[in-house]
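Given next are the chains, with one letter for each unit.
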Amino acid sequence: MKQSLLFVPTLKEAPKDADVKSHRLMSRAGIIKQVAAGIYTYLPLGYRVIRKIEEIIREELDKIGASELLMPALQPKDLWNESGRWDKYGPELMRLTDRKDRDFCLGPTHEEVITQVVRDYVTSYKKLPLALFQIQTKFRDEMRPRFGLMRGREFIMKDAYTFSETPEDLDRWYKLFTKAYIDIFNRCGLDTKIVSSDVGQIGGDEADEFMVMSEVGEDTITYCDKCSYAANQEHSLLNTGGKCPVCDGTINTAKGIEVGNIFKLGTKYSDSMHGTFAGRDNKPQPMIMGCYGLGISRTLMASVEQHSTENGIVWPKEIAPFKVHIIPVNKKDENQLNLAYEIYNTLKSNGVEVLIDDRDERVGSKFKDADLIGIPFRVVVGKDASELKVEFSNRLKDEKELVLASEILALI
RNA sequence: CGGGAAGUAGCUUAGCUUGGUAGAGCGCUGCGUUUGGGACGCAGAGGUCGCAGGUUCAAAUCCUGUCUUCCCGACCA
């Protein structure tokens with residue numbers, strides 16, 4: 001892609017409303033633009049990262065046998081009355097009426113819709129188990145949206161639901177999703193801790209959260225300094241210096257961003273919404289459900305929070321909007337420009353996502369922008385172009401070397 | 001929803017105390033000079049001073065109301 005054609009509106013100064021690092025950087029780097037409190041536009045660069053995260057999720061969920069569907073954001077009140085949540089959910093539920101004055105809400109989550117879908121089609125144990133997921137924009141009228149993409153009123157989420165015949169099968173799915181989540185977050189370059197949590201609004205029997213350790217996190221995690229014990233503080237009620245409930249270690253606390261949560265729902269929704277199937281004895285029994293959320297826009301935010309300095313982002317390889325950034329120093333120097341395009345074409349024809357800064361900017365501005373937008377590999381084509389040499393840097397390792405243009409493909 | 005802060009050009013902001021022609025930096029347009037870390041000169045464009053009412057000869061400035069945004073808290077994934 002030519003940078004002159006890519007819409008990357010970078011800013012020298014961050015908008016004053018951006019307070020946390022990731023918000024400042026994403027605003028300055030042309031990743032997102034705020035539209036209202038907790039509502040954002042994903043600009044081309046940001047949307048590329050979103051799609052990378054989504055693809056990783058699709059690959060990993062495909063591996064465990066979950067299939068993707070897409071449910072409506074707009075949902076009728078009737079369905080929410082079935083589960084009883086129309087009245088229980090409170091003002092966080094975005095409610096609206098259509099022209100006939102019928103009540104609807106914008107889905108904050110999709111247990112009701114998915115239960116309706118599955119109960120109407122799956123009527124026998126022979127059709128179980130089933131794992132379905134979607135990637136969709138969710139709506140929650142937060143009392144206080146904050147920290148950029150951290151807590152939005154509109155956000156992108158992957159939500160999955162499993163339907164099992166037995167508790168043992170639910171346990172199996174729960175483990176499969178746990179493993180898939182670990183792989184997804186690893187591939188997104190995020191270091192996560194799995195902590196046990198309260199079941200909250202969604203309800204159910206058991207729940208775990210995937211936390212990215214960060215000072216701007218809203219949750220407090222208690223964890224043991226010796227063993228692998230970790231829990232959300234609201235759940236564990238432990239404090240720093242306390243004794244580990246599992247071993248003889250000591251409890252520490254740290255802030256975390258919740259990027260994923262998984263719940264064993266049990267029969268909460270299949271009971272209230274008649275999600276039953278004919279069992280092996282031909283008697284109706286409720287489907288045993290699990291639900292598995294993963295905040296995609298929040299994962300983007302957490303990743304920037306973790307992989308950046310005040311000067312810019314350094315994307316983890318797998319979610320970087322591009323892999324290589326080529327910067328011709330002086331466009332008027334034919335040697336440089338030709339070599340830059342030669343490298344560009346070679347990389348492109350080898351399937352490498354590459355961005356070339358072909359803009360009529362001074363090189364200083366190009367470097368500053370490149371630092372900001374954080375593409376992991378950088379190729380600077382400058383004064384050594386006549387000898388076919390360029391400066392190659394791996395920004396993840398912060399090293400620079402002069403290499404032959406022909407070597408680049410092997411270095412990335 | 002309680003407490004605090006802030007709304008002036010695309011972004012950052014000065015001016016407000018003490019009412020009297022709305023200023024700067026960045027960005028943008030044109031011309032020239034520059035060209036390995038956000039260049040320089042000259043000439044320009046761009047503003048319902050959040051909105052509504054009030055006081056006044058006169059309001060960005062004073063008063064009232066309202067909307068929006070951010071931060072802390074409570075709540076929530």
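Residue positions within a chain follow its written sequence, with the count starting from 1. Lettering for chains starts from A, numbering for ligands starts from 1, and both go in the order in which the items are written. At least 70 in pLDDT is required for a residue's local features to be given in this predicted model, at least 80 for side-chain atom pairs to be given and counted, and no such filter applies to totals for whole chains, interfaces and linings, which use all residues. Note: side-chain values were computed over all heavy atoms of the structure, leaving out hydrogens and water.

Moving on to the sheet that holds strand 19 (residues 324-328). Hydrogen bonds between backbone atoms are what pair the strands of a sheet, whose relative direction is either parallel or antiparallel. Any two strands with at least two DSSP-identified bridges between them are counted as paired. Elements are defined by DSSP. Helices are runs of H or I of four residues or more, strands are runs of E of two residues or more, and each kind is numbered from the N terminus. One open sheet holds the 5 strands; their spatial order is 20-19-21-22-23, and the pairing between them is mixed. Each end of this open sheet is capped by a strand with a single partner; those strands are strand 20 (354-356) and strand 23 (399-404). Sheet twist, expressed as the mean angle between neighbouring strand axes with direction ignored, is 20°. The sheet contact formed by strand 19 and strand 21 (residues 377-381) spans 5 bridges and is parallel. Following the sheet pairing, His325 is matched in strand 21 by Arg378. Against the sheet, helix 10 (residues 334-349) touches strand 19, strand 20, strand 21 and strand 22 (389-394), its axis set at about 165° to strand 19. Contacts: residue pairs with any heavy atoms within 4.5 Å of one another. Axes here refer to lines fitted to C-alpha atoms; in helices the fit is confined to the stretch in contact. Angles between the N-to-C directions go from 0 to 180 degrees. Its contacts with the sheet place helix 11 (residues 363-373) against strand 19, strand 20 and strand 21, and it is angled at close to 170° to strand 19.

Attention now moves to the protein's contact with RNA strand B. In the region of RNA strand B, 42 residues are neighbours, and Lys16, Arg144, Arg151, Arg362 and Asp371 sit closest. One heavy atom suffices: a residue is near a molecule or strand as soon as one of its heavy atoms comes within 4 Å of it. Looking at RNA strand B alone, sugar and phosphate atoms form 48% of those within 4 Å of the protein. Here a polar contact is taken to be a pair of N or O atoms separated by no more than 3.5 Å, where protein atoms must pair a possible hydrogen donor with a possible acceptor and residues adjacent in sequence count only if both atoms sit in side chains. Side-chain polar atom of Arg140 to a base nitrogen of RNA strand B: 3.1 Å apart, as the coordinates give it. Within the backbone of Gly382, one N or O atom sits 3.3 Å away from a base oxygen of RNA strand B. Of all the elements, helix 11 adds the most residues to the surface near RNA strand B, at 8 residues. Classification convention: Asp, Glu, Lys, Arg as charged; Ala, Val, Leu, Ile, Met, Phe, Trp, Tyr, Cys, Pro as nonpolar; all other residues, Gly among them, as polar. Residues of the surface near RNA strand B, tallied by class, amount to 12 nonpolar, 8 polar and 22 charged.

One recurring pattern in soluble globular proteins: nonpolar side chains tend to sit buried together. Only buried Ala, Val, Leu, Ile, Met, Phe, Trp, Tyr and Cys residues count toward a nonpolar core, and they belong to the same one when joined by side-chain atoms within 4.5 Å. Relative accessibility under 20% of the residue-type maximum defines a buried residue, over 50% an exposed one, and the middle range a partly exposed one, all with a 1.4 Å probe and only protein chains included. Leu61, Phe177, Tyr181, Tyr292, Leu300 and Trp315 are the most contacted members of the largest nonpolar core, which totals 58 residues. A per-element tally of this core places helix 6 (residues 167-187) first, with 8 residues. For this core, the two domains that each supply at least three residues are domain 1 (21-309) and domain 2 (322-411). For Leu61, the residues in contact, after removing those within four places along its chain, are Ala66, Phe133, Lys158, Phe177, Ala180 and Ile184. Grouped together as the second largest cluster of nonpolar side chains are 24 residues, Val122, Leu132, Phe277 and Met289 included. Domain ranges listed in this record stem from an automatic or a database domain assignment.

A few words on the domain arrangement of chain A. The domain architecture assigned to chain A consists of domain 1 (21-309) and domain 2 (322-411). The C-alpha-based centres of domain 1 and domain 2 are spaced at 40 Å. Across the contact, 6 residues belong to domain 1 and 4 residues belong to domain 2. In this assembly, domain 1 packs against domain 2 so that about 540 Å² is buried in total across both faces, 63% of it on carbon and sulfur atoms. A carboxyl oxygen of Asp or Glu within 4 Å of a side-chain nitrogen of Lys or Arg is what we treat as a salt bridge. Put simply, domain 1 and domain 2 have 2 salt bridges between them. Residue Glu353 pairs with Lys52 through a salt bridge whose shortest N-O separation is 2.6 Å. Inspection of the region where domain 1 meets domain 2 yields 2 residue pairs in polar contact (both at pLDDT 80 or more). With 3 residues, helix 2 (residues 44-63) is the largest single contributor of residues to the side of domain 1 that touches domain 2. By definition, the buried area sums, over both parts, the 1.4 Å-probe accessible area that each loses when the two are put together.

Right, let's talk about the sheet that holds strand 6 (residues 103-106) for a bit. On the basis of which strands lie adjacent, the open sheet formed by 3 strands has the order 4-6-5 and antiparallel pairing. Strands at the two margins of the open sheet, each flanked by one partner only, are strand 4 (74-76) and strand 5 (94-97). Strand-to-strand twist across the sheet, computed as the mean angle between neighbouring axes with direction ignored, equals 35°. Inspection of the sheet shows strand 5 paired to strand 6 by 4 bridges, in the antiparallel sense. Across the sheet, the residue bridging to Leu96 is Phe104, located in strand 6.

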